[in-house]
Amino acid sequence: MSDSVYSGPERVFSGVQPSGRLHLGNYLGALVKFVALQATHDCMFCVVDLHAITQPQDPKALADQTREIAAAYLAAGVDPKRAIVFPQSAVSAHAELGWIFNCVARMGWLERMTQFKDKSGKDRERSSVGLFDYPVLQAADILAYRATHVPVGEDQKQHLELSRDIADRFNREFNAPGFFPLPEPLITGPGARVMSLRDGSKKMSKSDPSDQSRINLLDSADEIANKIKRATTDPHPLPEAEDGLKDRPEVENLVGIYAAMSGRPVASVLGEWGGAGFGKFKPALADLLVERLGPVTAEMRRLMGDPAEVDRVLKYGAARAAAIAAPIMAEVRAVVGFWRG
Ligand code: TRP
């Protein structure tokens, strides 16, 4: 390649870990975006099981968890003929390029990663080496396909910067200008950030001990209605305009969810609901959630009852992914200078 900057085609890559249940935050922050992107871009949506095992997983459950994430992609509207849906471990290029990138990335770069600090906590010495190395594998996920755009949440911004640093250093070190693109994050705007139903200062999270804090994609209509009813609010009515949401994070969150689920701007939701009490707003929000999520939940359950169908999709996706990675990896091996018989 003679260009000093990457000039190949655009490609979108993103991944979700097969650990724990998906919730409304994942749905609005990731799945809905994936569905929109597949209309305009070549997309790859991966279930990152190699990343999952950086922390202990039950080997008997892992494959089903992988199918469950794939089912969620499909139920949300990802079209597996258009986008490529596949399990990370089914394509060996991830691990292979991950190793090469281990030799490109610097210890100091990884030591700055805040997610490792958060996940390892006080137990750094007992963390797996894989957990420390997690963002290097993430760079390999993206660059094994020369993906240029990566839809992720705000919390992944630092990992994406590391991916760019690795791509740039590889290109320089091996004197291969423009070999890898420097992948750009497509960050989920703060508006689409879904917070805990119990505490508006915390993200909705699968690791929150209280199930009341989140709407799971597999929750029933009754569970959804109950969780919204019990969601933390304050005694005041809804504000008439957006500046009235300041310092009312729980209220802002519920209004934000309503706006996202109805596809309307927050201002328009407040135009309709400003002055109303939560006794009126909460049932309307619950109805909206049930109406929008109901079909997704039903399709997810159907797919989870038909693992053979999900497996066909994953196998097809893995074959397409492998076919994209193979020629890129052949070039990587040549650039690095590995033996070729
Ligand atoms: N680290 C990402 C997360 O926790 C998951 C992930 C793994 C990913 N590999 C990726 C996201 C590649 C985007 C691109 O959300």
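About the thresholds
Residues numbered from 1 in each chain as written. Predicted model: local features only at pLDDT ≥ 70, side-chain atom pairs only at ≥ 80, totals over all residues. Heavy atoms only, no water. Helix = DSSP H or I, 4+ residues; strand = E, 2+ residues; numbered from the N terminus. Buried < 20%, exposed > 50% of the residue type's maximum accessible area, 1.4 Å probe, protein only. Salt bridge = Lys/Arg side-chain N within 4 Å of Asp/Glu carboxyl O. Near = heavy atom within 4 Å. Polar contact = N/O pair within 3.5 Å; in protein donor to acceptor, adjacent residues only side chain to side chain. Areas by Shrake-Rupley, 256 points an atom, 1.4 Å probe, with all protein chains shown as cover. Phe/Tyr/Trp six-rings, centres within 6.5 Å; stacked < 30°, edge-to-face > 60°. Lys NZ or Arg CZ within 6 Å of the ring centre and 35° of its normal. Contact = heavy atoms within 4.5 Å. Pairing = 2+ DSSP bridges. Core = buried A, V, L, I, M, F, W, Y, C linked by side-chain atoms within 4.5 Å. Axes fitted to C-alpha atoms, helices over the stretch in contact; angles between N-to-C directions. Parallel < 35°, antiparallel > 145°, perpendicular 65-115°, else oblique. Left-handed = near helix turned anticlockwise from the far one by under 90°. Nonpolar A, V, L, I, M, F, W, Y, C, P; charged D, E, K, R; others polar.

Chemist: Help me understand unusual backbone geometry in this model?
Modeler: Across residues other than glycine, the phi torsion is negative in most instances, and most of the peptide bonds are trans. In this structure, R146 is a non-glycine residue whose phi angle is positive, near 50 degrees. Mapped onto the elements of the fold, R146 is located in the loop between helix 7 (129–143) and strand 4 (149–152). Residue classification places R146 among the buried residues on the basis of a relative accessible area of 8%. Of note, the phi angle at N175 is positive, near 50 degrees, even though the residue is not glycine. As for its position among the elements, N175 is in the loop between helix 8 (157–173) and strand 5 (184–187). Overall, the relative accessible area of 68% leaves N175 in the exposed class.

Chemist: Would you mind going over the pattern of salt bridges with me for this structure?
Modeler: It is possible for side chains bearing opposite charge to pair when their charged atoms get close. Under the defined criterion, the tally for this structure stands at 18 salt bridges. Close ionic contact of R302 with E309 constitutes a salt bridge, the shortest N to O distance being 3.2 Å. On the basis of relative accessibility, which here comes to 24%, the residue E309 falls in the partly exposed class. Each of D211, R214, D219 and K227 takes part in a single network of salt bridges with overlapping partners.

Chemist: Any chance you could explain the site of the ligand here in plain terms?
Modeler: For the ligand, the full set of nearby residues is F13, S14, G15, V48, H51, Y134, Q138, D141, I142, V150, V152 and Q156. At 2.7 Å, a side-chain N or O of D141 approaches a nitrogen atom of the ligand. A distance of 3.0 Å separates a nitrogen atom of the ligand from a polar atom in the side chain of Q156. Out of a free accessible area of 360 Å², the ligand has 87% covered by protein chains. The element best represented in the shell around the ligand is helix 7, accounting for four residues.

Chemist: Whenever I open this one, the environment of F179 confuses me. Can you help?
Modeler: Tracing the sequence through the fold places F179 in the loop between helix 8 and strand 5. By relative accessible area, F179 is classed as buried at 5%. Separated by 51 residues in sequence, F179 and S128 have C-alpha atoms that sit 31 Å apart.

Chemist: Quick question: what am I supposed to make of the packing of aromatic side chains here?
Modeler: Within this structure, the stated rule accounts for 17 aromatic pairs. Feature note: the residues F101, F170, F174, F179 and F180 constitute an aromatic cluster, connected by ring pairs. Above the face of the F179 ring, R146 is positioned so that its terminal group lies 4.5 Å from the ring centre.

Chemist: Looking at this model, I keep getting lost on the environment of F170. Mind explaining?
Modeler: Relative to the helices and strands, F170 resides in helix 8. For F170, a relative accessible area of 0% puts it in the buried group. When neighbours within four sequence positions are excluded, F170 is seen to be in contact with I100, F101, V104, F179, F180, V332, V335 and V336.

Chemist: Any chance you could explain the environment of A325 here in plain terms?
Modeler: When you line up the elements, A325 lands in helix 13 (residues 307–336). Spatially, the C-alpha atom of A325 lies 8.5 Å from that of R146, the residues being 179 residues apart in sequence.

Chemist: Even after reading the chapter, I still don't get the pairing of strand 3 (residues 84–87), so can you show me in this structure?
Modeler: Along any regular strand the residues' side chains alternate between the sheet's two faces. Every second residue of strand 3 is oriented toward a common face, with I84 and F86 on one face and V85 and P87 on the other, all of them buried. Taken together, the four bridges between strand 2 (residues 43–47) and strand 3 define a ladder with parallel strand orientation. Bridge assignment links V47 to a residue of strand 3, and that residue is P87.

Chemist: Sorry if this is basic, but what is going on with the nonpolar core here?
Modeler: As a rule of thumb, nonpolar side chains are buried together in soluble globular proteins. One finds L24, Y27, Y73 and F281 to be the most contacted residues of the largest nonpolar core, which totals 60 residues. Per-element accounting of this core gives the leading share, eleven residues, to helix 12 (residues 278–304). Not counting residues within four places of it along the chain, the set of residues in contact with F281 comprises L238, L254, V255, Y258, V269 and W273. Residues I84, A140, I142 and A147 belong to the second largest nonpolar core, which totals 44 residues.

Chemist: Explain the packing of helix 4 (residues 93–102) against helix 13 to me, please; I cannot follow it from the model alone.
Modeler: The relative placement of two packed helices comes down to the angle between their axes together with the axis-to-axis distance. The interhelical angle for the contact between helix 4 and helix 13, taken along N-to-C directions, is 25 degrees, at an axis separation of 11 Å. In terms of orientation, helix 4 and helix 13 fall into the roughly parallel class. Relative to helix 13, the crossing made by helix 4 is left-handed. Contacts between helix 4 and helix 13 involve A93, E96, L97 and I100 from the former and A325, M329, V332, R333 and V336 from the latter. Each residue belonging to the contact of helix 4 with helix 13 can be placed in one class, and the counts come to seven nonpolar, no polar and two charged.

Fair warning: the whole summary comes from geometry, so function is off the table for now.
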